[in-house]
Amino acid sequence: MTLPPEAGMWDPASDMYDLLTSPPYVPFSAAVAILLGLLALEVLLLVTGVSLLGDADGPDAVAEVPDLGAAELDALDAGTAAPAGFELADGDGPAAAGAGTGHWTGLGRVPFLIWLTAALAGFAIGGLLVQATGPWTLWVAVPVAAASGLGAARAFAGIFARAVPRLETAALDPRQLARRRGTVSQGTARRGRPAELRVVDRYGNTHWVRAEPLREADAIPQGTAVLTVWDRRAAALRIVSLE
């Protein structure tokens, strides 16, 4: 009896499909499928001028940074109040409620979809590599892959945060940097002559902005530690020396 020509032939594509859809590989194959789906959706949306990534500054809202009242601004202006007492602690406000978790996972330092993409990629790659040495039971492979995903997301968030802050700061509402400790990084700040200021936000991202002193007569030189405040009277970010 003569066999069909295709009988007994090895089909690598079919074997790979069977492997990736087998129970030990399903969670990691699903992660790859989700990644590809997000990529396809992003491409389709970009054609229409929309992006899943949204605003690179994330969900922060101006209302999350409480403004100083008129009496508090007057006290700072007159020098009768200690500036350090108005610094906003990292644990203050609703946006900072998850800052502890966000610090070690990277969540909150980048747009959520970018964080999710990095986490899924790390989970998928880590899981597939682990199963390539086994396969192992999912009770072993999934935790290892999850740790790989969190590690990848955290590492990428750190790289992203260091790479883009100078570009993002120009588009950032300066009120979101109010009541933060910073340093005059270039020039001497005087009224009418703003100096460059380096400020670290509550997520650990560094921003560079230009600001003038709150007090009319102040001249704040380079290297001085300062507190940023939002002067609602002038609708501008001002600085007060902490030294």
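Computed from a prediction, not measured in an experiment: that's the story for all the values here. (Residues numbered from 1 in each chain as written. Predicted model: local features only at pLDDT ≥ 70, side-chain atom pairs only at ≥ 80, totals over all residues. Heavy atoms only, no water.)

Enquirer: Any chance you could explain the pairing of strand β3 (residues 206-213) here in plain terms?
Expert: A regular strand places its side chains so that they alternate between the two faces of the sheet. The buried count for β3 comes to six of eight residues, which makes it a mostly enclosed element. Note that β3 and strand β5 (residues 236-241) share two bridges and pair parallel. Residue pairing in the sheet places E212 in a bridge with R238 of β5. (Buried < 20%, exposed > 50% of the residue type's maximum accessible area, 1.4 Å probe, protein only. Helix = DSSP H or I, 4+ residues; strand = E, 2+ residues; numbered from the N terminus. Pairing = 2+ DSSP bridges.)

Enquirer: What's the story with the sheet that holds β5 in this structure? I'm lost.
Expert: Strands pair in a sheet through their backbones, by hydrogen bonds, and they do so in one of two ways: parallel or antiparallel. Reading around the barrel, the five strands line up as β1-β2-β3-β5-β4 and close back on themselves, with mixed pairing between neighbours. Direction aside, neighbouring strands of the sheet carry axes that sit 55° apart on average. As judged from the six bridges shared by strand β2 (residues 195-200) and β3, these two strands associate in the antiparallel manner. Following the sheet pairing, L197 is matched in β3 by V209. (Axes fitted to C-alpha atoms, helices over the stretch in contact; angles between N-to-C directions.)

Enquirer: Can you walk me through the pattern of salt bridges in this structure?
Expert: Side chains that differ in sign of charge can pair as their charged atoms come close. One pass over the full model with this rule turns up five salt bridges. Where R215 meets D218, a salt bridge forms, and the shortest distance between an N and an O atom there is 3.8 Å. Judged by relative accessible area, R215 falls into the buried class, the value being 19%. For D218, a relative accessible area of 21% puts it in the partly exposed group. One salt bridge in this structure joins D231 and R233, with 2.9 Å as the shortest N-O distance. Residue R233 is classed as partly exposed on the basis of its relative accessible area, which comes to 44%. (Salt bridge = Lys/Arg side-chain N within 4 Å of Asp/Glu carboxyl O.)

Enquirer: I would appreciate a short explanation of the nonpolar core in the present structure.
Expert: For soluble globular proteins, nonpolar side chains are generally found buried alongside one another. Counting 14 residues, the largest nonpolar core has V184, L197, V209, I220, V226 and I239 as its most contacted members. Taken together, the elements giving at least two residues each to this core come down to β2, β3, β4 (225-231) and β5. Considering every element that reaches this core, the biggest residue donor is β2, with three residues. Those residues in contact with V184 that sit more than four places away from it in its chain are A195, E196, L197, I220, P221, Q222, G223, T224, V226 and I239. If you look at the next biggest cluster of nonpolar residues, it comprises nine residues, including F28, L120, A124 and A141. (Core = buried A, V, L, I, M, F, W, Y, C linked by side-chain atoms within 4.5 Å. Contact = heavy atoms within 4.5 Å.)

Enquirer: Teacher, can you tell me more about the packing of helix α2 (residues 26-47) against helix α5 (residues 112-132) here?
Expert: Angle between the axes and distance between the axes: these two values describe a pair of packed helices. Viewed as axis vectors pointing N to C, α2 and α5 meet at an angle of 145°, and their least axial separation amounts to 8 Å. Judged by the twist between their axes, the crossing of α2 over α5 is left-handed. For the pair formed by α2 and α5, the contact residues are P27, F28, A31, V32, I34, L35 and L38 on the first element and L113, T117, L120, A121, F123, A124, G127, L128 and Q131 on the second. Grouping the amino acids of the contact of α2 with α5 by side-chain chemistry returns 13 nonpolar, three polar and no charged. (Left-handed = near helix turned anticlockwise from the far one by under 90°. Nonpolar A, V, L, I, M, F, W, Y, C, P; charged D, E, K, R; others polar.)

Enquirer: Would you mind going over a nonpolar patch on the surface with me for this structure?
Expert: Together, V32, L36, L39, V43 and V47 give the surface a local cluster of nonpolar side chains, amounting to about 470 Å² of exposed area. Judged by relative accessible area, V47 falls into the exposed class, the value being 69%. (Patch = residues over 30% accessible without salt bridge, like charges linked within 9 Å, V, L, I, M, F, W, Y side chains within 5 Å. Areas by Shrake-Rupley, 256 points an atom, 1.4 Å probe, with all protein chains shown as cover.)

Enquirer: Just checking my understanding: could you explain the packing of aromatic side chains for this structure?
Expert: For any pair of aromatic rings, the description consists of the separation of the ring centres together with the inter-plane angle of the planes. The tally for this structure, following the rule as stated, stands at two aromatic pairs. Taking the centre distance of 5.2 Å and the plane angle of 45° together, the rings of F28 and F123 count as tilted. Highlighted residues: F28 in helix α2 and F123 in helix α5, separated in sequence by 95 residues. Here F28 and F123 have matching classes, each one buried. Relative to W115, the ring of F112 lies with its centre 6.1 Å away and its plane at 25°, an arrangement referred to as stacked. Taken together, the residues F112 and W115, both in helix α5 and three residues apart, mark about one turn of the helix. (Phe/Tyr/Trp six-rings, centres within 6.5 Å; stacked < 30°, edge-to-face > 60°.)

Enquirer: What is the right way to look at the confidence of the model for the protein in this model?
Expert: Parts of the model with low pLDDT should not have their predicted coordinates read in detail. For the protein, the average pLDDT comes to 77, and 72% of its residues sit at 70 or higher. Across the protein, the element-wise mean pLDDT spans from 51 in helix α7 (residues 165-169) up to 91 in α5. Overall, residues 55-63 carries pLDDT values under 50, and its contacts beyond four positions in sequence, including any with other chains, amount to 14 contacts. For the stretch residues 91-99, pLDDT sits under 50, and the model shows eight contacts to residues farther than four places along the chain or on other chains. (pLDDT = per-residue confidence, 0-100.)

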